[in-house]
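Here is what each chain is made of, one letter per residue.
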Amino acid sequence: MARVHNFNAGPAALPLPVLEKAQSELLDIAGSGMSVMEMSHRSKEFQAIIDGAEAGVRKLMGVSDDYSVLFLQGGASLQFAMIPMNLRRPGKSADYVDTGSWASKAIKEAKVGDGACNVIWSGKEEKYMRAPKPAELSFSADAEYVHICSNETIGGIRYPVFPETDAPLIADMSSEIMSRVIDVNRFGMIYAGAQKNIGPSGLALVIIRRDLIERTPENVPIFLRYATHANEGSLYNTPNTWGIYIVKLITDWVESLGGLAALQKINEQKSGKLYDLLDSSDFWTAPADKSSRSIMNVVWRLPSEELEATFVSEAKKAGMIGLKGHRSVGGIRASIYNAVPMEAIDALVSFMKDFEAKMG
Ligand SMILES: *Cc1c(COP(=O)(O)O)cnc(C)c1O
């Protein structure tokens, strides 16, 4: 077996110990004589798994009982639609900050129909190089919430500090969930597609303050209401049982590493090695403003598109995949989520040094 160094943006690398554990339990989990995919979501065995996943999320992120933790389907993208449907009551508006591709997609959903959506700041003119400073944001009086994307997966930028808001702050944390210590109490809601840091695709983690769950207008379909899922412990219908199981295993793995503070340190070291190299020579250009550099998605350019294509194909030959930048921005992107080990970073850094010596 030869596993690659996986820098995919999503779906992305999963921790090897988690994959091995899932493999060992694939045919018979906990003496049940079946795989987790074959058991009833209403069984006591599965209840223990989903309870364990929720407890893991609560413990690692410090989520208090004021919040519900939900495992929903439809990925992060369904949340782009559910948030305005549920949390922006008729006659009111919502504030959105536009920091890049994913924030823009959330804005698009919020504008559907006659949706009142105020884009209170946009980094578009500056080519989405940075997150706004708190002083650059002024909020609308009738805004029901303020929506941000805390880490832009494609542009490789993140908020160094989160804005202070009166209205509930809602963050799309898909590409940085559980990668650093955050204060959940600063947020009305946090959500994430699982496939970057905490599991497989098709599953979304939603952490929502309980009082917000009650806001939903009556014309919202039952399935699309947060209350429906909160009242049924994410078992209103058949959930992504496999995905929830993997989340449980990942929270166990993160716990075994020492939790989010320990992981943040490792993530800062990993991204630091890449940024140090990028800053050391004019051969590389890292477009993200230093104030906003992501520790999960590191984006850079080479002197020409030809060199970038050569870089990607040579890297692939050397066992490093997923380095091509998103088609909308080009260049190179290394997604270095929690599961990407230090050895992968060291291999990439050493490949880059050789590449520069040869081509620079
Ligand atoms: C990947 C990603 C999404 C989309 O997630 P889906 O699960 O595919 O809907 C949304 N926001 C961010 C920040 C992402 O990185």
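The notes below deal with the structure included here. (Residues numbered from 1 in each chain as written. Predicted model: local features only at pLDDT ≥ 70, side-chain atom pairs only at ≥ 80, totals over all residues. Heavy atoms only, no water.)

1. Looking at the site of the ligand
Argument step 1. What surrounds the ligand is a group of 13 residues, the closest being S77, T153, D172, Q195 and K196.
Argument step 2. T153 is positioned such that a nitrogen or oxygen atom in its side chain is 2.4 Å from an oxygen atom of the ligand.
Argument step 3. Contact distances for the ligand include 2.7 Å between an oxygen atom and a side-chain N or O atom of K196.
Argument step 4. The element best represented in the shell around the ligand is helix α3 (residues 75-87), accounting for four residues.
Argument step 5. Here the shell around the ligand is built from residues that sort into four nonpolar, seven polar and two charged. (Near = heavy atom within 4 Å. Polar contact = N/O pair within 3.5 Å; in protein donor to acceptor, adjacent residues only side chain to side chain. Helix = DSSP H or I, 4+ residues; strand = E, 2+ residues; numbered from the N terminus. Nonpolar A, V, L, I, M, F, W, Y, C, P; charged D, E, K, R; others polar.)

2. Here's the deal with the environment of K265
Argument step 1. Topologically, K265 is positioned in helix α8 (residues 259-279).
Argument step 2. Assessed through its relative accessible area of 58%, K265 is described here as exposed.
Argument step 3. Considered as a pair, K265 and N151 are 114 residues apart in the sequence and their alpha carbons are 17 Å apart. (Buried < 20%, exposed > 50% of the residue type's maximum accessible area, 1.4 Å probe, protein only.)

3. Describing the pairing of strand β9 (residues 189-193)
For a regular strand, the rule is simple: side chains alternate between the two faces of the sheet.
Argument step 1. Counting buried positions over the five residues of β9 gives five, a clear majority of the element.
Argument step 2. Side chains of β9 alternate between two faces, with M189, Y191 and G193 and I190 and A192 buried alike.
Argument step 3. Of the pairings in the sheet, the one linking strand β8 (residues 169-172) to β9 comprises three bridges and is parallel in character. Across the sheet, I170 pairs through a bridge with M189, a residue of β9.
Argument step 4. Two strands pair when backbone bridges link them, and β9 and strand β10 (residues 203-209) are joined in this way by five bridges, in the antiparallel orientation. In the sheet register, I190 faces β10, and the bridge partner there is I207. (Pairing = 2+ DSSP bridges.)

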